[in-house]
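# Observations on the model geometry
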Amino acid sequence: MAVYKRSFRPYADALTRPATRFLVPARYAMQDLFRSKLFTAFATLCLVFPLICVFAIYLRHNADLLANLASAGVEVEEWMPIDATFFGIFMRVQGMLAFFLVLFSGPRLVSRDLANNGLALYLCRPFSKSQYVAAKLTVLLILTSAITWVPGLLLWGLQAGLQGSGWGAANVRSAVALFVGSWAWLIVLGLLALAISAWVRWRPVAGFFLLLIFFGGAFFARVVELLFNTEWGYALDLHHTVRRIWADLFATPAPFFFGRPLDLPIWSAWAALLALVGLSLLLLARRIRAYEVVK
Amino acid sequence: MTPVIELDGLTVRFGKLEALSGLTGAFSAGSLGLLGPNGAGKTTLLHTLLGFHPPSAGSGRVFGHDVVAESRATRSLIGYMPERDSFIEGMSAVRFVRMLGELSGLPAETALERAHEALYAVGLGEARYRGLETYSLGMKQRAKLAQAMVHGPKLLFLDEPTNGLDPPARERMVRLIREIRDSGHVKIVLSSHLLRDVEECCDEVLILKNGKIAYHCNLEAERQANRKFLELQVRGDVERYVARVAGLGCEVAVDGKQRLRLVLPPTLEIRALYEAAAGDGVEIRHLDYKRDSLQDIFLKAMEQG
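Residues numbered from 1 in each chain as written. Chains lettered and ligands numbered in written order. Predicted model: local features only at pLDDT ≥ 70, side-chain atom pairs only at ≥ 80, totals over all residues.

When you go through chain A residue by residue, the secondary structure sums to 14 helices and two strands. Structurally, chain A occupies a C-alpha span of about 80 × 60 × 35 Å along its principal axes. Sequence-distant contacts, at least 24 apart, represent 75% of the contacts inside chain A between residues at least 6 apart. (Helix = DSSP H or I, 4+ residues; strand = E, 2+ residues; numbered from the N terminus. Contact = placed C-beta atoms within 7 Å.)

Moving on to the sheet that holds strand β7 (residues 155-159) of chain B. All names here are of chain B. Read across the sheet, six strands follow the order β6-β7-β8-β3-β9-β10 without closing on themselves; strand pairing throughout is mixed. The sheet terminates laterally at β6 (78-81) and β10 (212-218), the two strands that pair on one side only. On average, adjacent strands in this sheet sit at an angle of 15° to one another, irrespective of strand direction. Bridge count between strand β3 (residues 31-35) and strand β9 (residues 204-209): four bridges; the pairing is parallel. Counterpart to L32 in the pairing with β9 is E204. Lying over the sheet, helix α1 (residues 42-49) contacts β3, β7, β8 (187-192) and β9, oriented at roughly 145° with respect to β8. On the sheet, helix α5 (residues 137-149) packs against β6 and β7 and is oriented at approximately 170° with respect to β6. (Pairing = 2+ DSSP bridges. Axes fitted to C-alpha atoms, helices over the stretch in contact; angles between N-to-C directions.)

Glancing now at the nonpolar core. In this structure, F96(B), V97(B) and A146(B) are the most contacted members of the largest nonpolar core, which totals 144 residues. Ranked by the residues each element gives to this core, the list is headed by helix α11 (residues 172-200) of chain A, at 14 residues. Here V97(B) is in contact with A115(B), A118(B), L119(B), A146(B), Q147(B) and V150(B), once residues within four sequence places are set aside. (Core = buried A, V, L, I, M, F, W, Y, C linked by C-beta atoms within 7 Å. Buried ≥ 20, exposed ≤ 12 C-beta atoms within 10 Å, placed from the backbone.)

Moving on to the interface of chain A and chain B. Residue-level contacts link 34 residues of chain A with 41 residues of chain B. Of all elements in the fold, only α1 (23-33), α6 (84-115) and α7 (119-123) of chain A reach the threshold of two or more residues within the side of chain A that touches chain B. Considered class by class, the residues forming the side of chain A that touches chain B number 20 nonpolar, five polar and nine charged. (Nonpolar A, V, L, I, M, F, W, Y, C, P; charged D, E, K, R; others polar.)

Residues and elements named next belong to chain B. Extensive coverage of β3 is indicated by the burial of five of its five residues. Side chains S31, G33 and L35 of β3 all project onto a buried face; the interleaved residues L32 and L34 project onto the opposite face, where all are buried too. Sheet topology places β3 next to β8; five bridges connect them, and they run parallel. The partner of S31 across the bridge, within β8, is I188.

Keep in mind that these numbers describe shape and distance, not what the molecule does.
The structure is reproduced here in structure tokens:
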């Protein structure tokens, strides 16, 4: 770019709307994430399962293929019904992939600002702490939405279109479950990743803590169960909690843990998620600041 | 005219520590130097005006905007160059400055154009596509200055801008600050514990000590007020001459064999010193006004405050 002016210049023209400025760091963060070939490859891989599902729905409605398979003795309708269970499995697979996507991207979004005192540069401008969190959360929500509820609803729409004859009306609960279940999971996941990254600041450690919370919860709950003979420890297990919510939303059987179904009250699962959201917001409010004050 | 900064009993406490204690004053200088030893409250004052710390009591205003109630409006007028190393990892200088320009409200295209200009202005034109983490300390300081000025603020807060710089880099930074000041488009608040930086860049000085204002002065006015301090170098009967000028009402100190320091009484003209010297056969080889340096002002403030 040719540069004609090389001195301080005041600016008196129109400014952008303050309400949309949170999209600026979101845009830059998104560009930075996709500079990593590894991340781009993983994000692309996350769309493989939805493509498999598209193929499955296509197979399910290909009359010639169905006839050929039926003549070979394979009843597709029996082993591959497209119903709430199908979308429940889709949710579980993509929800897990969303977790790994957040694991790769979440700590990176915040730690690089915190590592070199970059937050002061954001907050010394007409840009608030909540806008900062909204910017980072937007990145995670866009990424994870792109592999969860967006392809999920497209699949649901494809199935409804191909099946016709009132399938959509009969299975509207699956669409709602995809949407609500995804958002509940993605918001918790996003806020938790940001809060942990802001708290520990060091990217690998933040990733470790996220893994610990997701996979260590079951171990903790099992220990609580063995020691106190109660299943309530599972209310603090994020993995169990979200699967319990999804099962309830899709009206599918309760998830199995350690070889038996766990059926804690649904309110306890929602309460656990809400508590986690509250805790994450509290951590963010305390950690996202221009400077630490040593009292 | 609205003062640049107004303080009204501004107090900031961190737990039991009172970092700023009832600061009051109005400052309108084109460039204000904040001086004080480490821990005097200079950075805390800047941070409070930026809305980083809420005042425990009192208030502060920047161009008439309350720093708490109108924090967003206040920050939109300010460009801030922090003291500590502050950058965003993995970004080139031009991307870094552009993003921060956009955060200040510049449209994307304008921000890009101005980011290039700002980086040229601070002398990083050739290095603007390099990653910030590869910059030397001096270059990082200049990148911080570029991000502070990219959106064309009305007021620049420069917190220890020459910290850690070698003499040529310091000289360059001071020259840059003077150029920005002389453009007349922006007011500057320069916080430093280096007297020379402030002396070279500022019109007014606010000296802080233990969170209180120890002294506030206009440097030029202060220098003018001290025109009655003289330094003389004489040859001849010094003792006799000292007695003679003391008789005229001067305060005299002998500094070495032939060097005198005088404070003239308000009514006495310098001509009388020459007449006295001629009467005693003493030669005045050198006569100069002994202006108070900023160091003198600072030391006095430290003693009094």
